[in-house]
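Listed below are the residues making up each chain.
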Amino acid sequence: MLHPVLWNTVISTDNKRLIFRSIVEPSLNYAAETWIHNPGLYSKLQAAEMDYWKRYLRITRLNRVRNEYIRSRLGVTKRVPERIGKNRLQLYGHCQRMSEHRWPKRLLKWNLQEDGGEQDSEHGRRTVWRRELEEEEWLNREKWREGLT
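Residues numbered from 1 in each chain as written. Predicted model: local features only at pLDDT ≥ 70, side-chain atom pairs only at ≥ 80, totals over all residues. Heavy atoms only, no water.

## Structural notes on the overall build of the protein
In plain terms, the rule: A run of H or I in DSSP becomes a helix once it reaches four residues, and a run of E becomes a strand once it reaches two; helices and strands are each numbered from the N terminus. Exposure is judged per residue with a 1.4 Å probe applied to protein chains only, and the accessible area is read against the type maximum: over 50% gives exposed, under 20% gives buried, and values in between give partly exposed. A contact between two residues is defined here by any heavy atoms of the two lying within 4.5 Å. All accessible areas in this document rest on Shrake-Rupley with a 1.4 Å probe, and a residue is counted as covered only by the protein chains that are shown.
If you tally the helices and strands in the protein, you get eight helices and zero strands. Each helix and strand of the protein, ordered N terminal to C terminal, gives the series α-α-α-α-α-α-α-α. Counting every position in the protein, which comprises 149 residues, the buried fraction comes to 28%. Sequence separation of 24 or more characterises 55% of the internal contacts of the protein that already satisfy a separation of 6 or more. With an accessible surface of roughly 10400 Å², the protein has 52% of that area assigned to carbon and sulfur atoms.

Spelled out as structure tokens, the structure:
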């Protein structure tokens, strides 16, 4: 329960930012690189993040303050969904550089149709990665790192 901490005027804003980086953000990002993402999920993650920042600034819903204003006031440049996208790219590159016999790489390349099942092209893991990346882009590590920043 972070509510008493966020509304407490004795705790410095630097400590509240530290709480976000060490407790809230890791909780929101836990294993997120393996999730199948949709707009509803991104919306919920963004809402949880903005709820924290509003409480941090002691702003209630009655104040009717826009999220863009809060982010600019705090200097928040990257949102949680953007950080999750970066983590997904890191995991993908890591798996692609693995040898062929490693399970993470085998699972990433696994196609349900080969096993007689049906693959939902909209939600299949292979198509999710391929929508975001160009094939063989993971080989050039320098270019890969540039794409992550």
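## Overview of the packing of helix α3 (residues 39–56) against helix α5 (residues 80–96)
For any two helices packed against each other, the geometry is given by the interaxial angle and the distance between the axes. So the rule is basically this: In this analysis an axis means a line fitted to C-alpha atoms, helices contributing only their contacting stretch, and an angle means the value between N-to-C directions, from 0 to 180 degrees. Should an angle lie under 35 degrees it is considered roughly parallel, over 145 roughly antiparallel, and from 65 to 115 roughly perpendicular; all remaining angles are considered oblique. Basically, the charged four are Asp, Glu, Lys and Arg, the nonpolar ten are Ala, Val, Leu, Ile, Met, Phe, Trp, Tyr, Cys and Pro, and anything else, Gly included, counts as polar.
Contact geometry of α3 with α5 gives a least axis separation of 8 Å together with a crossing angle of 125°. As summarised for this structure, α3 and α5 are arranged oblique, according to the angle between their axes. In contact with Tyr42, Leu45 and Glu49 of α3, α5 contributes Val80, Pro81, Arg83, Ile84 and Arg88. Looking at the contact of α3 with α5 residue by residue, the classes come out as five nonpolar, no polar and three charged.

## Focus: the side chain of Arg71
As a reminder of what qualifies: A residue counts as positive if it is Lys or Arg and as negative if it is Asp or Glu; His and the chain ends are not included. The term salt bridge refers to a side-chain nitrogen of Lys or Arg lying within 4 Å of a carboxyl oxygen of Asp or Glu.
Of note, Arg71 is situated in helix α4 (residues 67–74). For Arg71, which is buried and forms no salt bridge, the nearest opposite charge comes from Glu68, at a distance of 4.7 Å. Residues contacting Arg71, with those up to four places away along its chain left out, are Gln46, Met50, Val76 and Arg79.

## Brief notes about the nonpolar core
As a reminder, the rule being used: Definition of nonpolar core: a set of buried residues of the types Ala, Val, Leu, Ile, Met, Phe, Trp, Tyr and Cys, connected through side-chain atoms within 4.5 Å.
If you look at the biggest cluster of nonpolar residues, it comprises 18 residues, and the most contacted ones within it are Tyr52, Trp53, Ile70 and Leu74. Contributions of two or more residues to this core are made by α2 (13–29), α3, α4 and α5. Setting aside residues up to four positions removed in sequence, Trp53 forms contacts with Arg17, Phe20, Ile70, Leu74 and Val76.

## Digging into α5
Applicable threshold: A helix is expected to span 1.5 Å multiplied by its residue count minus one.
The end-to-end C-alpha distance of α5, which contains 17 residues, comes to 24 Å, matching closely the 24 Å that a straight helix rising 1.5 Å per residue would cover. Regarding α5, the residues found buried are Val80, Pro81, Ile84, Arg88, Leu89, Tyr92, Gly93, Cys95 and Gln96.

## Quick notes on α4
Stated precisely, the cut-off is as follows: Here the arc refers to the set of directions running from the helix axis out to each C-beta atom.
Listed as buried for α4 are Ile70, Arg71 and Leu74. Axial view of α4: buried residues confined to an arc of 95°, hence all on one face. α4 presents Glu68 and Ser72 as exposed residues on the side facing more than 90 degrees away from its buried surface. Next to the buried residues of α4 lie α2 and α3. At the exit of α4 stands Gly75, carrying a positive phi of roughly 75°.

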